[in-house]
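# Descriptive structure summary
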Amino acid sequence: ILYNNEPLIIPDEENIKSDIDVLLTIFKNFDNFIGDIDNLKSTHFKLLNAMFCSPFHAPMRCIADSYKIVTMSMPLSLTIASSTASCGKTFMAKAIMRMMTGKSIDPFSGANGASIDDIRKYQTCVSGFSVVIDELKSFQHIGPHLKDSISCEKFGFKNMPMCVFTTNSISDLDETLRKRMISLKLTARFPSHEDETKARAK
């Protein structure tokens, strides 16, 4: 697995134990949120699993395609949405990327829109693990790229990264996109009367 063409170091036992402690702390802190806490934890756990599995999706899709097996069960896109901010989407995605790479990697911004060329450019930065595109406003310009769900198999991109989109603006996906990506929704948020910056530092 590469980041900017540099091989990532495999974590040692102590780093793995530390990451487990961090995860347990994050999920314990979700108890301080308001709304459906069980759904919040469950959804973030699904995000965690999807991103941890994502390096294997592209090679498996290429192998499956060579045997004429349908590959939609191994999606290379994911959307995690909420109706408000402060639900932990970006924080969790960054924490997962940190655990996967050992690096602090900021998401790419989708706030001003994202084009197909933008997505392809982002995907060339990494090999294997996910690309996170934050605060996406619309799939209008990148929908055709996502609907072409066989580009990985078509060109033999065995290290094609999963695109993870966070959004507060897109409540529902159209049927075509819904069939081609993992779709997660959050219904709880950090209390507005609490100091979010202080909580992040814990």
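Use the structure listed above.
Below, the structure is looked at part by part.

## Let's talk about unusual backbone geometry
Located in the positive-phi region is K68, a residue other than glycine, with phi close to 60°. Summarising the element assignment, K68 is placed in the loop between α2 (37-66) and β4 (77-82). Positive phi, close to 55°, is recorded for E135, a residue that is not glycine. For E135, the position within the fold is in the loop between β7 (131-134) and α5 (143-147).

## A few points about the sheet that holds β7
Taken together, the five strands give an open sheet; going across it, the order is β5-β7-β8-β4-β9, and neighbouring strands pair in parallel fashion. The open sheet terminates on both sides in strands that have one partner only, identified here as β5 (108-109) and β9 (182-186). Each of β4, β7, β8 (163-167) and β9 is contacted by α2, which is oriented at about 150° to β9, the strand it contacts most.

## Brief notes about the pairing of β7
Residues V131 and I133 point to one face of β7 and V132 and D134 to the other, with burial holding for every one of them. Strand direction decides the pairing type here: β7 and β8, joined by three bridges, are parallel. Bridge pairing in β8 links I133 to F165.

## A closer look at the pairing of β4
For β4, a buried count of six out of six residues is recorded, marking the element as mostly surrounded by other parts of the structure. Along β4, one buried face is formed by S77, T79 and A81 and the opposite face, lined by L78, I80 and S82, is buried too. Sheet analysis places β4 next to β8, joined by five bridges and oriented parallel. Residue pairing for β8: L78 is matched across the bridge by V164. Judged from the five bridges that link them, β4 and β9 form a sheet pairing that is parallel. Along β9, the bridge assignment pairs S82 with L186.

The rules behind these values
The written sequence of each chain sets the order in which its residues are numbered from 1. Only residues with pLDDT of at least 70 get local features here, since the model is predicted, and only at 80 or more are side-chain atom pairs given and counted; chain-wide, interface and lining totals rely on the full set of residues. The side-chain values count all of the structure's non-hydrogen atoms but skip hydrogen atoms and water molecules. Comment: elements are numbered from the N terminus, with helices defined as DSSP H or I runs of at least four residues and strands as E runs of at least two. We call two strands paired when DSSP finds no fewer than two bridges between them. Contacts between residues were defined by any pair of non-hydrogen atoms, one from each residue, lying within 4.5 Å. Here, axes are lines fitted to C-alpha atoms. For helices the fit covers the stretch in contact, and angles between N-to-C directions go from 0 to 180 degrees. Only protein chains enter the accessibility calculation, which uses a 1.4 Å probe. A residue is then buried if its area is under 20% of the maximum for its type, exposed if over 50%, and partly exposed in between.

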